[in-house]
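Take a look at the letters that make up each chain.
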Amino acid sequence: MIQRKSLRYLRMALQVSLLLFSIILIAVGIWGPQFAPKNIATLFIWVHYRGFLVLALLIWGNIFCMSCPFIFARDCLRIFIKPKFLWPKKLQNKWTAMFLFCAVLFYYEYMSLWSSPYKTALLIIAFFVLAMFTDTVFKKASFCKYVCPIGQFNFLASTLSPKEVKAKSLSVCESCKTQDCLRGNKELNLRGCETHLLMPRKKGNLDCTFCMDCVQACPYENIHIASVVPGSELWQETHRSGIGLLSSRKDFLAFIIAFTFGALVNAFLMTGPANIIKENFVNLGIQSDFFILLFFFFIALTALPAILLFIPEWLSQKQTGQKYKLIPTLLPVGFAVWIAHYSFHLLSGLFTFVPLISNFDLPVSWMGLNTSVITPIQLGVLVLGFLGSILVSIMLSENKKVQIAWITMNLVITCMAVWIMILPMDMRGTFVGIGQ
């Protein structure tokens, strides 16, 4: 009982802390200086938060979802408004969340969010409104499981985490008749897993928000955070509670593709070649930023994946008769691109917040690491991601031709990422960028 209470209070403390900080960011974003390098809202969200997020996912797991301020606000509102409906069956998939994920990436560029504290604050507000509306109308964690683009990013990235919420002993689970980890315990006012994951059949971190509700609800104290081999769930081709077979879930697989190639376009749009392409569009008389960006996203999220995946997928089906089984090999290299990109912002602008919260001025050269230090780190991360994709390819298929095809495809993605990372990048929204 003491452990259950301590977990509840710990999570609540983290949620309240992030909620209060979110309120501060919204206030500063709306009423603070609208010059991005002088506003903590843009600086924290687009420089520090994203960098620490991917590092936390890599080192520990889905900490942000566990500490989510949107869900704390929702829980408070649910005291007065009880949800009455179940999420529509036709929408019980990842298509809505994938669309919102791509939309956020698109409008980040289109609205230049990194340079607008006001628009950044509005984005935070939009997340709060969407979460509270969704989960006061629909029961369970519908927002987390089917809507939230940040949550879906975290789910996919946490497949590479060394931590996982799992049962200590499956034999204890098999003898359990109440399934409190899933259904909750009304007598103790403890809820079960709101993303529909039954612990003995749960595999990996997909759809797991690290909320610890199952840990608290289990009457046998049989659930804990365990250490696992990072990425090992990607080659476990078994039925997953709440998900089924991953290779049969086209929505999950499409999201993996969007996750990987979205990382490439998100980084590429900060480089010189992207600016040259934009200028060529303008010279041709195409002035609309919307349509120019639409071209980039169409190429990155549709044409490029279709070209690169065609031969490996065709060969897989020909050699093994299986469709889409090896698409998860994209996740290690895809996550590596996100880490390499966001670590660039974090490390190059690590101490840019100091002049904003104190009277102590730092020279520009002290606000972050030099690119000569950051670039080798980025390249090392990309190499590790590629090695991870090789391992997943080997574990998912015994056919040598299929393995080579998918490894080659992931090598091409890695080479593209390396090329992007060694290009000069815009250091958006920081004094570091102004000084260069």
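Residues numbered from 1 in each chain as written. Predicted model: local features only at pLDDT ≥ 70, side-chain atom pairs only at ≥ 80, totals over all residues. Heavy atoms only, no water.

Caption draft 1: Structural detail: the nonpolar core. Ranked by internal contacts, the top residues of the largest apolar core, which has 99 residues, are F70, F153, F335 and W338. With 14 residues, the top contributor of residues to this core is helix α12 (residues 250-268). Discounting chain neighbours no more than four positions away, the residues touching F335 are V54, L57, L58, A157, L160 and F259. Core analysis: the second largest hydrophobic core is formed by 16 residues, V165, L197, M199 and C208 among them. (Core = buried A, V, L, I, M, F, W, Y, C linked by side-chain atoms within 4.5 Å. Buried < 20%, exposed > 50% of the residue type's maximum accessible area, 1.4 Å probe, protein only. Helix = DSSP H or I, 4+ residues; strand = E, 2+ residues; numbered from the N terminus. Contact = heavy atoms within 4.5 Å.)

Caption draft 2: Local environment of the pairing of strand β1 (residues 163-167). Within β1, four of the five residues are buried, which leaves the element mostly enclosed by the surrounding structure. Looking at chain direction, β1 and strand β2 (residues 223-227) are connected through five bridges and run antiparallel. Across the sheet, residue E164 finds its bridge partner in β2, namely A226. (Pairing = 2+ DSSP bridges.)

Caption draft 3: View of a nonpolar patch on the surface. Residues L284, I286, F291 and L294 make up a contiguous nonpolar surface patch of roughly 410 Å² in combined accessible area. Relative to the helices and strands, L294 resides in helix α14 (residues 289-320). (Patch = residues over 30% accessible without salt bridge, like charges linked within 9 Å, V, L, I, M, F, W, Y side chains within 5 Å. Areas by Shrake-Rupley, 256 points an atom, 1.4 Å probe, with all protein chains shown as cover. Salt bridge = Lys/Arg side-chain N within 4 Å of Asp/Glu carboxyl O.)

Caption draft 4: Representation of the environment of V354. Tracing the backbone shows V354 in helix α16 (residues 354-357). Residue class for V354 comes out buried when judged on its relative accessible area of 16%. When the C-alpha positions of V354 and I24 are compared, they lie 17 Å apart, and in sequence the two are 330 residues distant. Once residues lying within four places of it in the same chain are set aside, the contact partners of V354 are F360 and L362.

Caption draft 5: Structural view of empty space enclosed by the protein. Here the structure, examined in full by the defined rule, presents four cavities of 30 Å³ or more. Considered as a void within the structure, the largest cavity measures approximately 270 Å³ in volume. Elements supplying a minimum of two residues to the lining of the largest cavity: α3 (63-66), α4 (69-78), α7 (142-147) and α11 (213-217). Residue composition of the lining of the largest cavity, grouped by class: 17 nonpolar, three polar and six charged. Considered as a void within the structure, the second largest cavity measures approximately 50 Å³ in volume. In terms of lining, the second largest cavity is formed by 13 residues, of which the most central are L234, E237, L246, K325 and P328. Residue composition of the lining of the second largest cavity, by class: seven nonpolar, two polar and four charged. (1 Å grid on protein atoms, 1.4 Å probe; cavity = no way out; pocket = protein on both sides within 12 Å on 5 of 7 lines; lining within 4 Å. Points joined across faces, edges and corners; volume = space filled by probe spheres on them. Nonpolar A, V, L, I, M, F, W, Y, C, P; charged D, E, K, R; others polar.)

Caption draft 6: Representation of unusual backbone geometry within the structure. Of note, the phi angle at S112 is positive, near 50°, even though the residue is not glycine. In this structure, S112 sits in the loop between α5 (95-110) and α6 (117-137). For S112, a relative accessible area of 24% translates into the label partly exposed. Phi at M212 takes a positive value of approximately 70°, unusual for a residue other than glycine. For M212, the position within the fold is in the loop between α10 (180-183) and α11.

Caption draft 7: Looking closely at the pattern of salt bridges. Inspection of the entire model under this criterion finds eleven salt bridges. Its salt-bridge partner being D75, residue R74 comes within 2.6 Å of it at the nearest N-O pair. Across the pair, D75 and R74 agree in class, each one buried. A salt bridge links R191 to D213, with the nearest nitrogen and oxygen atoms 2.9 Å apart.

Caption draft 8: Highlighting the packing of helix α2 (residues 40-59) against helix α15 (residues 330-348). Two elements in contact, α2 and α15, have axes separated by 8 Å at closest approach and are oriented at 140°. Relative to α15, the element α2 lies oblique. Regarding α2 and α15, the two cross each other, and that crossing is left-handed. On α15, the residues touching W46, V47, H48, R50, G51, F52, V54, L55, L57 and L58 of α2 are F335, I339, Y342, H345 and L346. (Axes fitted to C-alpha atoms, helices over the stretch in contact; angles between N-to-C directions. Parallel < 35°, antiparallel > 145°, perpendicular 65-115°, else oblique. Left-handed = near helix turned anticlockwise from the far one by under 90°.)

Caption draft 9: Expanded view of the side chain of T136. With respect to the helices and strands, the residue T136 is situated in helix α6. Of note is the side chain of T136, whose polar atom sits 2.5 Å from the backbone oxygen of M132. Here T136 is in contact with L77, R78, I81, K82 and P83, once residues within four sequence places are set aside. (Polar contact = N/O pair within 3.5 Å; in protein donor to acceptor, adjacent residues only side chain to side chain.)

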